[in-house]
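Okay, here's what each chain looks like letter by letter:
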Amino acid sequence: MLKLKRTDESKLTSWYFEIDRKLLFWTFVLIFIGCVVVFSAGSAQAARMGKPWYFFFQKAWLLYLLGIISLIFCSMLNKKQIIRLSVAGFIAMYGALLSTVAHGTKLKGSARWAHIAGFDFLPVDLLKPFFIILTAWFLAQMHETYGDNIYLNKEPWKPTLKRVNWPVYMLLFVPCVLILLKHPDLGSALLYSGVFGGMLLVAGIPWKIFWPLFGIGFTGMGVYALFCMEHVGKRAKEIWQMSQGSQVWFSVNSIRHGGLFGSGDKSYVKNVLAESANDFVYSSIAEDLGAIAACALIGLLFYVFSMLIQHACQAKDKFVVYVLAGAATLFAGQIFFNLTSALHLVFNKGMTLPFISYGGASFVGFCILFGMILALVREDTWNNK
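Chemist: Teacher, can you tell me more about the environment of Ile 179 here?
Modeler: When you line up the elements, Ile 179 lands in helix H6 (residues 166-182). When the C-alpha atoms of Ile 179 and Ala 189 are compared, they prove to be 8.7 Å apart, with ten residues separating the residues in sequence. Excluding residues that lie within four positions of it along the chain, Ile 179 makes contacts with Leu 97, Leu 98, Thr 100 and Val 101.

This is the structure:
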């Protein structure tokens, strides 16, 4: 049996004793819960598709392995390596996202999937960790170059390739949002904009700029979606009048049928619930295990979120603070969209529940992000003591 001692001089020993093992442990707990859900909710969804009960787990085990390896690998990197990896990952995933405009694979009513080497994946999900890292680096460099006033000062707004500035960043960020709206993928467009807004707030953007900027942006996206995205209009109407037999109708009834302690083998609503292992995974959990267990899961997700906030408050490097702010906003945003959709509080946006929902690119993306967080927190903590 391998036993590590603090006196041992090795990279593995340093990693083990310096990493935030509590955050790592609870991340693995979420991954384990996700595996169990793939067996349970996935078997019902597979049966409805006429596939073997183990169909989804058979597809997922390799992605789970890839995600866990990515998490451990990224947690062993240093800051420079993480930035370099993010540059390469951003270029690759941004290119894949651009390719979906002309050659996107259409699945589930949306041509936002990329097809590479026989696999279909969502570039938007794998782009998230690299987007957060590079946005954090950009904000840190902006403060280092121009000081605290990076919003009202004229210098950061002058376009040039010699130093970081707002026009260059906007040339990358704005097209990304426009592509997501074209797919159409309103949920991801709102999520990316929300993550960017959360990072700007932590980076000190004045409220008098923030509210008009994001008020106009979110209102514009909402109006465009209602009038130019047919499916958004239909789903918006379901908020006021839920039609019997719709996905949200089955979702709400699945949660009701679970009661306090779950239906167990008597669960039946999830058998006719589309995406019971993906978008509506929370409904499947509530029906199987009951409201008490479902609320406990929310508590666990909130606890992991609170650890991200705690690390952000304690971090000494501004870059690390911005990364944690973006990661916390992304984590909380996806939880919010997934749960409120399942509970019929907002219309369904097709958002996965982090680490829990079946979804290859989303799962791997969060594993990469949390691995990078663990590495940056470790370096920030031990290098600044």
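Chemist: What should I look at first to understand helix H3 (residues 55-75) in this one?
Modeler: Structural remark: α-helix, 3.6 residues per turn; residues separated by three or four positions point the same way. The end-to-end C-alpha distance of H3, which contains 21 residues, comes to 31 Å, matching closely the 30 Å that a straight helix rising 1.5 Å per residue would cover. The largest bend along H3 measures about 35° and falls at Trp 61. Within H3 the residues assigned to the buried category are Phe 55, Phe 56, Ala 60, Tyr 64, Gly 67, Ser 70, Leu 71, Cys 74 and Ser 75.

Chemist: Which parts of the structure should I look at to understand the packing of aromatic side chains?
Modeler: Note on aromatic pairs: each is described by the distance of the centres and the angle between the planes. Evaluated as defined, the whole model comprises 28 aromatic pairs. Aromatic side chains Phe 214 and Phe 218 sit 6.0 Å apart centroid to centroid with 35° between the ring planes, which places their arrangement in the tilted category. Of this pair, Phe 214 and Phe 218 are both found in helix H8 (residues 207-228), four residues apart, which corresponds to roughly one turn of the helix. The class of Phe 214 is buried, set by a relative accessible area of 9%. The class for Phe 218 is partly exposed, based on a relative accessible area of 31%. Ring plane angle 75° and centroid distance 6.3 Å describe the contact between Phe 331 and Phe 366, whose orientation is recorded as edge-to-face.

Chemist: Explain the packing of H6 against helix H7 (residues 186-202) to me, please; I cannot follow it from the model alone.
Modeler: Taken N-terminus to C-terminus, the directions of H6 and H7 make an angle of 155°; their axes are 7 Å apart at the nearest point. Between H6 and H7, the crossing angle belongs to the class labelled roughly antiparallel. Between H6 and H7 the crossing geometry is left-handed. Between H6 and H7, the residues in contact are Trp 166, Tyr 169, Met 170, Phe 173, Cys 176, Val 177, Leu 180 and Leu 181 and Leu 186, Ser 188, Ala 189, Tyr 192, Ser 193, Phe 196 and Leu 200, respectively.

Chemist: Help me out: how do you make sense of a nonpolar patch on the surface in this one?
Modeler: Together, Trp 61, Leu 62, Leu 65, Ile 69 and Phe 73 make up a nonpolar patch on the protein surface, roughly 520 Å² of accessible area in all. Along the chain, Ile 69 turns up in helix H3.

Chemist: Is there a simple way to think about the pattern of salt bridges in this case?
Modeler: Should the charged atoms of two oppositely charged side chains come close, the side chains can pair. Under the defined criterion, the tally for this structure stands at six salt bridges. Residues Arg 378 and Glu 18 are paired through a salt bridge, measuring 3.1 Å at the closest nitrogen-oxygen approach. One end of the pair, Arg 378, is in helix H14 (residues 360-383); the other, Glu 18, is in helix H1 (residues 11-18), with 360 residues separating them in the sequence. In this structure, Arg 378 and Glu 18 share a single accessibility class: buried. Asp 317 is the partner of Lys 79 in a salt bridge, and the nearest nitrogen-oxygen pair spans 2.8 Å. A residue pair is termed long-range when its members are at least 10 positions apart, and Lys 79 in helix H4 (residues 79-103) and Asp 317 in the loop between helix H12 (291-314) and helix H13 (318-342) qualify at 238 residues. What emerges from the salt-bridge pattern is a single network uniting Glu 155, Lys 158 and Arg 163.

Scoring rules and cut-offs
Residues numbered from 1 in each chain as written. Predicted model: local features only at pLDDT ≥ 70, side-chain atom pairs only at ≥ 80, totals over all residues. Heavy atoms only, no water. Helix = DSSP H or I, 4+ residues; strand = E, 2+ residues; numbered from the N terminus. Contact = heavy atoms within 4.5 Å. Expected span 1.5 Å × (residues − 1). Bend = angle between axes of the 7 residues up to and from the residue. Buried < 20%, exposed > 50% of the residue type's maximum accessible area, 1.4 Å probe, protein only. Phe/Tyr/Trp six-rings, centres within 6.5 Å; stacked < 30°, edge-to-face > 60°. Axes fitted to C-alpha atoms, helices over the stretch in contact; angles between N-to-C directions. Parallel < 35°, antiparallel > 145°, perpendicular 65-115°, else oblique. Left-handed = near helix turned anticlockwise from the far one by under 90°. Patch = residues over 30% accessible without salt bridge, like charges linked within 9 Å, V, L, I, M, F, W, Y side chains within 5 Å. Areas by Shrake-Rupley, 256 points an atom, 1.4 Å probe, with all protein chains shown as cover. Salt bridge = Lys/Arg side-chain N within 4 Å of Asp/Glu carboxyl O.

Honestly, that's just the spatial picture; any functional story needs more than this.
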